[in-house]
Protein chains: 2
Amino acid sequence: MQLALATAGLGPVFEAAPALRSRQDGTDAGTRRRFEAGEEIYAEGDRVVHFYKVVSGAVRTYRLLSDGRRQIDGFHLPGDIFGLEAGAERRTGADALTGTTLAAFRRGDREALTGGAGALAQEVVAAMLRALERAQDHMMLLGRKSARERVASFLLGLAERAGTDGAIALPMSRTDIADHLGLTIESVSRTLTRLERDGVIALPAHRRTVLLRDKAALRRLNA
Amino acid sequence: MQLALATAGLGPVFEAAPALRSRQDGTDAGTRRRFEAGEEIYAEGDRVVHFYKVVSGAVRTYRLLSDGRRQIDGFHLPGDIFGLEAGAERRTGADALTGTTLAAFRRGDREALTGGAGALAQEVVAAMLRALERAQDHMMLLGRKSARERVASFLLGLAERAGTDGAIALPMSRTDIADHLGLTIESVSRTLTRLERDGVIALPAHRRTVLLRDKAALRRLNA
DNA sequence: CGCCGATTTGAGCAAACTCAAGCAGCGTGG
DNA sequence: CCACGCTGCTTGAGTTTGCTCAAATCGGCG
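Quick notes on the rules
Residues numbered from 1 in each chain as written. Chains lettered and ligands numbered in written order. Predicted model: local features only at pLDDT ≥ 70, side-chain atom pairs only at ≥ 80, totals over all residues. Heavy atoms only, no water. Core = buried A, V, L, I, M, F, W, Y, C linked by side-chain atoms within 4.5 Å. Buried < 20%, exposed > 50% of the residue type's maximum accessible area, 1.4 Å probe, protein only. Contact = heavy atoms within 4.5 Å. Near = heavy atom within 4 Å. Polar contact = N/O pair within 3.5 Å; in protein donor to acceptor, adjacent residues only side chain to side chain. Helix = DSSP H or I, 4+ residues; strand = E, 2+ residues; numbered from the N terminus. Pairing = 2+ DSSP bridges. Patch = residues over 30% accessible without salt bridge, like charges linked within 9 Å, V, L, I, M, F, W, Y side chains within 5 Å. Areas by Shrake-Rupley, 256 points an atom, 1.4 Å probe, with all protein chains shown as cover. Salt bridge = Lys/Arg side-chain N within 4 Å of Asp/Glu carboxyl O. Lys, Arg positive; Asp, Glu negative; His and termini not counted. Charge placed at Lys NZ, Arg CZ, Asp CG, Glu CD. Phe/Tyr/Trp six-rings, centres within 6.5 Å; stacked < 30°, edge-to-face > 60°. Lys NZ or Arg CZ within 6 Å of the ring centre and 35° of its normal.

A. Representation of the nonpolar core in the model. Core analysis: the largest hydrophobic core is formed by 70 residues, its most contacted members being Leu155 and Ile201 of chain A together with Leu155 and Ile201 of chain B. For leucine 155 of chain B, the contacting residues outside a window of four places in its chain are Ile168, Leu192, Ile201, Val210 and Leu212 of chain B. Ile81 and Val125 of chain A together with Leu120 and Val124 of chain B belong to the second largest nonpolar core, which has 24 residues in total.

Right, here's the structure in full:
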């Protein structure tokens with residue numbers, strides 16, 4: 001705990017978190033690491049060495065109860081930073097959902113963090129704040145929303161983050177969605193089917209794609 | 001977003017978050033503010049000016065859906081810091097649960113933040129990390145735990161934080177507990193009654209006190 | 001073409017919810 | 001000092017949403 005706030009003061013930190021900067025030319029600092037679909041990135045209890053930025057692919061981070069119940073606390077898409085922890089040991093596990101490339105940063109690596117006018121350091125703080133906001137949204141979803149509302153919120157959020165307005169390519173299985181939304185796989189499936197029957201979405205034969213037909217209806221369900 | 005990480009590097013920030021330092025002589029920086037039971041500290045949509053540290057009393061922070069459903073994302077006890085936000089507008093509301101004294105800090109106030117070797121700045125970062133960990137625990141609770149497990153986890157967590165081992169004085173109503181645990185007030189009440197019938201807890205006539213009779217049983221429910 | 005894992009669908013069940021009373025603690029005022 | 005009423009909590013009865021268990025279907029792939 002030796003964070004210095006010497007140069008800029010604390011104020012601006014808690015002002016708007018700007019969109020993540022991301023160099024498109026692949027010159028980001030950090031070591032590239034490749035993971036295959038389903039491969040473990042780290043496990044609960046591991047020593048924390050790195051944190052990561054998704055370059056391509058998708059990642060799930062999750063916690064387990066002793067009897068195997070799982071809660072996926074987030075899906076991470078290109079540009080997202082994950083793997084920040086307060087302690088020395090991982091409290092969550094992380095796996096690649098699909099073939100995934102990550103940029104890995106040693107969490108104490110000053111070189112990487114201060115290079116480029118501290119752009120990465122800015123990103124890291126922004127990532128923490130964003131993670132907190134997402135967690136708040138998700139607690140509302142898990143604590144107070146119906147299955148239909150949960151699925152609607154999930155689809156809208158994913159569409160927004162992925163940028164692919166209208167058609168979403170789901171990188172995760174029904175089981176993953178269920179463990180994220182606090183539902184069973186059957187409830188997720190039934191809810192999607194009902195949303196399709198009601199003309200709100202369409203589910204092409206390829207079940208890993210969802211078309212958002214009636215965004216207004218989805219937004220109404222979003223609260 | 002101008003946080004400087006110049007002096008210490010980022011590494012140590014993500015090492016262990018030490019216990020909050022708190023001067024017992026009342027010489028903490030920050031303006032004292034007093035709130036009565038039920039009084040609003042800030043509301044969703046307010047402009048963010050301060051963040052707070054609880055000196056005495058208890059606070060709830062919450063979010064609302066348009067139809068009035070409420071999710072309390074946390075209760076804040078003496079020593080806790082709350083009211084940190086990424087944006088310029090409040091995304092959560094906050095009320096005092098009981099008569100409460102807060103230390104208020106302007107979020108851009110360098111004087112307060114750099115005084116005392118940046119002790120408060122350290123606390124602020126630690127508070128963010130702790131808030132994130134609590135949010136993860138709470139998502140697991142909301143997404144995957146039964147009513148009985150939720151209440152057990154809640155009681156254990158409160159006992160640990162309040163330090164009063166064995167007997168807990170609840171500063172919040174059943175409605176607040178329900179809105180925190182994603183249950184209805186009736187379910188909270190029934191679950192407490194059942195835990196008492198099973199000898200796990202005792203509920204003295206004064207319904208704002210809970211005695212933890214069988215912590216091992218509670219821990220088993222905590223998963 | 002036929003297998004295999006993932007998804008969907010069906011039937012019945014159960015945990016938690018809703019609606020509705022009843023009760024207890026506490027402050028107020030007669 | 002006690003009755004009254006208010007608020008918060010508990011309890012009961014019946015309903016509902018989402019779960020469990022089970023089977024059918026689908027898409028991908030060898």
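Here the narrative resumes, following the displayed structure.
B. Spatial organisation of the protein's contact with DNA strand D. As a structural note, the neighbourhood of DNA strand D is formed by 17 residues, with Ala147 and Ser187 of chain A together with Arg174, Ser189 and Thr193 of chain B the closest of them. Sugar and phosphate atoms represent 66% of those atoms of DNA strand D found within 4 Å of the protein. Between DNA strand D and the protein, one listed contact pairs a base nitrogen with a side-chain N or O atom of arginine 190 of chain B at 2.8 Å. Ranked by the residues each element gives to the surface near DNA strand D, the list is headed by helix α4 (residues 185-197) of chain B, at four residues.

C. Structural view of the sheet that holds strand β10 (residues 201-202) of chain B. Residue and element names in this part refer to chain B. Pairing in this open sheet of three strands is antiparallel, and the strands run β9-β11-β10 from one edge to the other. Looking along the sheet, the strands with just one partner apiece sit at the ends: β9 (167-169) and β10. Examined bridge by bridge, β10 and strand β11 (residues 209-212) share two bridges and lie antiparallel to one another. In the sheet register, isoleucine 201 faces β11, and the bridge partner there is leucine 212.

D. Just a negative patch on the surface, in detail. A contiguous patch of negative charge on the surface is contributed by Glu39, Glu40, Asp46 and Glu89 of chain A. Locating glutamate 89 of chain A in the fold gives a position in the loop between β6 (81-82) and β7 (93-96).

E. Representation of the packing of aromatic side chains in the model. Residues and elements named next belong to chain A. Tallying each qualifying case throughout the model produces ten aromatic pairs over all chains. A connected cluster of aromatic rings, assembled from ring pairs, spans Tyr42, Tyr52 and Phe82. The lysine or arginine in question, arginine 70, covers the ring of tyrosine 62, its NZ or CZ lying 6.0 Å from the ring centre. Directly above the aromatic system of tyrosine 42 lies the positively charged group of arginine 90, at a separation of 3.7 Å from the ring centroid.

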